[in-house]
Amino acid sequence: MTTAADYSEKIPNNVCLNEDRRLQRALESWQPNFLHWWESMGPTLPTRDVYLRTAVNVGRDGWARFGHVPMRDYRWGIFLAERAPGRLIGFGEHKGEPAWAKVPGEYRADLRRLIVVQGDTEPASVEQQRNLGATAPSLYDLRNLFQVNVEEGRHLWAMVYLLHAHFGRDGRDEADELLRRSSGSLESPRILGAFNEETPDWLSFFMFTYFTDRDGKYQLGTLKESAFDPLSRTCEFMLKEEAHHMMVGTTGIDRVVERCARVMVENDTDDVTGHGAIGLPVIQKYLNFHYSVSLDLFGGETSTNVANYYTAGLKGRWMEDRRRDDHKLASDAIMVDALTGEGEIGHTEVAALTGLNTDLRREYIADCQSGVNRWNKILADAGLPQRLKLPHIAFNRKVGAFAGIEASPDGERLSPQEWERGSSAWLPTDVDKTYVRSLMRPVYERGKIAAWIAPPRHGINGQPFDYDYVHLS
Ligand code: BYC
Ligand code: FE
Ligand code: FE
């Protein structure tokens, strides 16, 4: 089914869309709705063109091309990673059977649900980030924002393709719903909590791309294992684009910390407010917030949903093929984070299958820690004793075992009164947010950068920092 990418089509694709006229027509009639959504809910800053990477193929000899394009003309395409001939299902009760090219009737509802939840996050993030162009710290950052935005738009296309191609009438209805719900809406909000939060400033944006896009990396990693081959192949290709989103977050926070450290050292002070930088306590609070809402995205510590998904072969584990067990887990056990009988924050043993959200969350947490280590190295190299850290798993949770209690960042269980007294020291307050916002003034001059952030070490695609990444209109 996969061929060379067809770029002459209205919808670029490598799925031979022109061989299925019905599907092609259905997607071509969704396309104007997508463009209307992009115009009304996407980036608000008017631009002439942006130096963007466009996915054009999936092959080993280059999958993307770079060039200045008007964002509305971005070629959102449908690309599935190459088919692995003879691919077998790697886990669950169908382990060893051939992967499915079509959706089995008994798993239709669950697969549709997973694809809809995944698809819903993509436009949500574009909506959350739509006003950030107005306050970009440099043309380089502005370009990265838009790159992330167009690619999340393409990820929406990826899920809509699956819905249209494999779920008939209800798939088309779900595709329409994906454009109808909107982030933060009271009547029809996005499905998952984190995607209804605001991303009002660039520190939030970098935290979001570090912590929340990283949930995307891990969820896509589990869906890449899916027995449903088209889902597996589309997620594999999405992960390629996701790496850049992660880079934006990681290096974005690097640069905020680097700037803060330098101002602290140069002025011999812990308080950088008034020196135009963002201080470590504020960075820590933003980190606490984005990390804890992102932990919620993994669902409950124990979940029968995830057990069913795994057994059915719909959603695997991170690096499934590297796990040394029977890939069925029917009689295995796992320790998960839990409230103990006495209401203490601790652990309990459960069936491995129902603990799979915890398994994935742990992989994610270890990965998050690597970023914190990086930022702490920047502080250490500047000769500073302060350090950032990930808050405890029970801190500020709204989903799962700790949703009903309060805990400090150190994992100490708190009464509602203690939480009330402490929370302003742990989560961004209105004062913190107002301060951060006061720093957010746009810098659109080539080679210039806002005072609260250090310049990047590298430009994009070998271009220098002072390249004309974006032409405003
Ligand atoms: N908010 O059995 P449970 C990305 C619901 S990010 C609201 O504990 P389960 C991206 C849950 O749906 C990756 N509701 O959890 C990043 C369920 O409802 P139903 C997105 C929540 O089902 C940045 C009920 O609570 N992809 O790509 O095992 C920018 C009980 O749930 C939340 C996916 O998530 C929440 N946080 O796991 C752009 C992959 N958490 O069904 C893009 C697909 C749980 O009983 N989704 N609930 O009505 C999944 O695999 C699973 O649905 C979840 C939840 C991991 C989300
Ligand atoms: Fe995405
Ligand atoms: Fe992303």
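Each remark here, short or long, concerns the structure printed above.
All figures in this text were calculated on a predicted structure; none of them were measured in a lab.

J.: Help me understand helix H3 (residues 139-166), please; the structure alone is not making it clear to me.
T.: Owing to its 3.6 residues per turn, the α-helix aligns residues three or four sequence positions apart on the same side. With 28 residues, H3 extends 41 Å between its outermost C-alpha atoms, agreeing within 8% with the 40 Å of an ideal straight helix rising 1.5 Å per residue. Counting buried positions over the 28 residues of H3 gives 28, a clear majority of the element. Positive phi shows up at glycine 168, right after H3, with a value of about 50°.

J.: Would you mind showing me how to read the site of ligand 1 here?
T.: In the vicinity of ligand 1 lie 25 residues, with Gly216, Gly299, Gly300, Ser303 and Asn305 positioned nearest. At the level of secondary structure, the elements contributing two or more residues to the shell around ligand 1 comprise helix H2 (108-128), helix H5 (202-223) and helix H8 (304-312). Counting residues per element, the shell around ligand 1 draws most heavily on H2, at six residues. Among the residues forming the shell around ligand 1, the class breakdown is seven nonpolar, 12 polar and six charged.

J.: Help me understand the nonpolar core in this model?
T.: If you look at soluble globular proteins, the nonpolar side chains tend to sit buried side by side. Grouped together as the largest cluster of nonpolar side chains are 116 residues, with contacts concentrated most on Val160, Val256, Cys260, Ile278 and Ile283. Looking at this core, the element that brings in the most residues is H3, giving 16 residues. Those residues in contact with isoleucine 283, other than ones at most four positions away along the chain, are Val256, Val257, Cys260, Ile278 and Leu388.

J.: Quick question: what am I supposed to make of the pairing of strand S3 (residues 333-339) here?
T.: Regular strands place side chains that alternate from one sheet face to the opposite one. In the sheet, S3 pairs with strand S4 (residues 345-351) via seven bridges, with the strands oriented antiparallel. Within S4, the residue paired with isoleucine 334 across the bridge is valine 350. Linking S3 back to S4 in an antiparallel pair, the connection comprises five residues, with glycine 343 at a positive phi of about 80°.

J.: Help me understand helix H9 (residues 356-381) in this model?
T.: Over its 26 residues, H9 runs 38 Å from end to end, which matches the ideal 38 Å to within 8%, given 1.5 Å per residue. Residues of H9 that are buried include every one of Leu356, Asn357, Thr358, Asp359, Leu360, Arg361, Tyr364, Cys368, Gly371, Trp375 and Ile378, and no others. If you follow the buried residues of H9, they end up packed against H5, helix H6 (229-267), helix H7 (280-296), H8 and S3. Downstream of H9 by a residue or two, glycine 383 has a phi angle that is positive, lying close to 80°.

J.: Explain the sheet that holds strand S2 (residues 64-69) to me, please; I cannot follow it from the model alone.
T.: The strands that make up a sheet pair up through hydrogen bonds in the backbone, lying either parallel or antiparallel. On the basis of which strands lie adjacent, the open sheet formed by three strands has the order S2-S1-S7 and antiparallel pairing. At either margin of the open sheet sits one strand with a lone partner, and together these are S2 and strand S7 (470-472). In this sheet, neighbouring strand axes are inclined to one another by 15° on average, regardless of whether the strands run parallel or antiparallel. As judged from the six bridges shared by strand S1 (residues 47-55) and S2, these two strands associate in the antiparallel manner. Bridge assignment links arginine 53 to a residue of S2, and that residue is phenylalanine 66. Its contacts with the sheet put H3 on S1 and S7, and the angle it makes with S1 is roughly 55°.

What counts and how
- Residues numbered from 1 in each chain as written.
- Chains lettered and ligands numbered in written order.
- Predicted model: local features only at pLDDT ≥ 70, side-chain atom pairs only at ≥ 80, totals over all residues.
- Helix = DSSP H or I, 4+ residues; strand = E, 2+ residues; numbered from the N terminus.
- Expected span 1.5 Å × (residues − 1).
- Buried ≥ 20, exposed ≤ 12 C-beta atoms within 10 Å, placed from the backbone.
- Near = placed C-beta within 6 Å.
- Nonpolar A, V, L, I, M, F, W, Y, C, P; charged D, E, K, R; others polar.
- Core = buried A, V, L, I, M, F, W, Y, C linked by C-beta atoms within 7 Å.
- Contact = placed C-beta atoms within 7 Å.
- Pairing = 2+ DSSP bridges.
- Axes fitted to C-alpha atoms, helices over the stretch in contact; angles between N-to-C directions.

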